[in-house]
Amino acid sequence: MINNDHTYKDIFSHKEMVEDLLKGFVHLDWVQQADFDTLEKCNNSYITDDLRERYNDVVWRIKCGNEWLYVYLLLEFQSKPDPYMAVRLLTYVGLLYQDLIKSKQLATNQPPNKTKKLPPVFPLVLYNGQAPWNAALSLRELIQDMPDSLKAYQPDLCYLLIDEVRFNYADLNNLKNLVASLFQLEISTTPPQAGDAIQKLIDALAQPEHSTLITAFVNMLNKNWFEVHLPGQNIKEIQSLGECRTMLADNMRNWTQTWKEEGLEEGRKEGLEEGKKEGKKEGLEQGFNQGEIELL
């Protein structure tokens, strides 16, 4: 899997990607009520006390009714889940609130001399590690048992996890959006699958206004994707998605063998050990045979 979050941050700094992420993968009622014409990226250089900046997160805001709602998107590309993710997010959301207070960006439609209300924040974690996510999804789960009289005084925060490698390639076909195609590219187990995912991106990004997003995808392929999926191959840097699609088709036979030898299909189906063992031998060979028929 891609382990460099900078290319992903570039991709999810585009409005169309965040819109498709929310519409396709967040099944909450506020998404249906949100006005996506108002979706806009925010400055997120929140400085901690030790003066380190956050670089692996992206903050957006969108209006629900007349009020802003903030989406805190954290890109988590460690090989294993962080058991204290809820604590990290509590800190980041606190930094976001501090920034909004200092920059006087709170709602102004409240009565004079009243403390202005803080906007709601939706914490969202996008994870692509091979290990299944077993970390607590709320801060309350991480706090030890206590007398009932103390519970009201404890902080809490929940976040939504999107674990991309747990998706099934075929199921993502039904979504037909940019993020679904990105996930298919990431979890593809054969060159034909990867080529089909890239073709979907080409079709969806055909208009000139998507040129910067296309560049972001090309950078992702050059800087990370080839190295992870095709290690040891001397691959010339591509200039377009179409060039990558052609390259995958032209080198299908050799690169499928590379994919098989590296065992990149591990954990793609269910994240189970049995799937890892059988998928290397049977699932990938079947996918290759089907893909070969399609491209020949």
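Placed above this text is the structure.
Everything in this summary refers to the structure shown in the same document. (Residues numbered from 1 in each chain as written. Predicted model: local features only at pLDDT ≥ 70, side-chain atom pairs only at ≥ 80, totals over all residues. Heavy atoms only, no water.)

**Examining the pairing of strand S4 (residues 121–127)**
- Burial of S4 is extensive: 7 of the 7 residues sit out of reach of the surface.
- On S4, burial covers both faces: Val121, Pro123, Val125 and Tyr127 on one face and Phe122, Leu124 and Leu126 on the other are all buried.
- Across 7 bridges, strand S3 (residues 67–76) lies against S4 in parallel orientation. Counterpart to Tyr70 in the pairing with S4 is Val121.
- Note that S4 and strand S5 (residues 160–163) share 4 bridges and pair parallel. Of the residues in S5, the one forming a bridge with Leu126 is Ile162. (Buried < 20%, exposed > 50% of the residue type's maximum accessible area, 1.4 Å probe, protein only. Helix = DSSP H or I, 4+ residues; strand = E, 2+ residues; numbered from the N terminus. Pairing = 2+ DSSP bridges.)

**What to know about helix H2 (residues 15–25)**
- Counting buried residues in H2 gives 8 out of 11 residues, a clear majority hidden from the surface.
- Among all positions of H2, only Met17, Val18, Glu19, Asp20, Leu21, Leu22, Gly24 and Phe25 are buried.

**Looking at unusual backbone geometry**
- One non-glycine residue, Lys176, adopts positive backbone phi at about 55°.
- Along the chain, the position of Lys176 falls in the loop between helix H6 (169–172) and helix H7 (178–187).
- Overall, the relative accessible area of 73% leaves Lys176 in the exposed class.

**With respect to the sheet that holds strand S1 (residues 34–41)**
- Overall, mixed pairing links the 5 strands, which are arranged S1-S2-S3-S4-S5 in an open sheet. Of all strands in the sheet, those with a lone pairing partner are S1 and S5, marking the two edges. Pairwise comparison of adjacent strand axes, ignoring direction, gives a mean angle of 25° for this sheet.
- Both S1 and strand S2 (residues 57–64) contribute to a ladder of 4 bridges, which runs antiparallel. The residue of S2 that forms the bridge with Ala34 is Cys64.
- Against the sheet, H2 engages S1, S2, S3, S4 and S5, with an angle of about 135° to S1. (Axes fitted to C-alpha atoms, helices over the stretch in contact; angles between N-to-C directions. Contact = heavy atoms within 4.5 Å.)

**Focus: the packing of aromatic side chains**
- Summed over the entire model, instances satisfying the criterion amount to 10 aromatic pairs.
- Relative to Phe12, the ring of Tyr8 lies with its centre 5.9 Å away and its plane at 50°, an arrangement referred to as tilted. The same class applies to Tyr8 and to Phe12, which are both buried.
- For the ring pair Tyr127 and Trp133, a centre distance of 4.8 Å and an interplane angle of 65° mean the geometry is edge-to-face. Neither residue differs from the other here; Tyr127 and Trp133 are each classed as buried.
- Over the face of the ring belonging to Phe36 we find Lys23, whose NZ or CZ atom lies 4.7 Å from the ring centre.
- In this structure, Arg61 packs its charged tip against the face of Trp68, placed 3.7 Å from the ring centre. (Phe/Tyr/Trp six-rings, centres within 6.5 Å; stacked < 30°, edge-to-face > 60°. Lys NZ or Arg CZ within 6 Å of the ring centre and 35° of its normal.)

**A word on a nonpolar patch on the surface**
- Judged by side-chain polarity, Tyr84, Val87 and Leu142 come together as a nonpolar surface patch covering roughly 260 Å² of accessible area.
- Its location among the elements puts Leu142 in the loop between S4 and helix H5 (148–151). (Patch = residues over 30% accessible without salt bridge, like charges linked within 9 Å, V, L, I, M, F, W, Y side chains within 5 Å. Areas by Shrake-Rupley, 256 points an atom, 1.4 Å probe, with all protein chains shown as cover. Salt bridge = Lys/Arg side-chain N within 4 Å of Asp/Glu carboxyl O.)

**Some remarks on the pairing of S3**
- With 8 of 10 residues buried, S3 lies mostly within the body of the structure.
- One ladder, built from 8 bridges, connects S2 with S3; its direction is antiparallel. If you follow Asp57 over to S3, its bridge partner there is Leu74.
- In textbook terms, the turn of a hairpin is the stretch between consecutive antiparallel strands, and for S2 and S3 this stretch comprises 2 residues, one of which, Gly65, has a positive phi near 70°.

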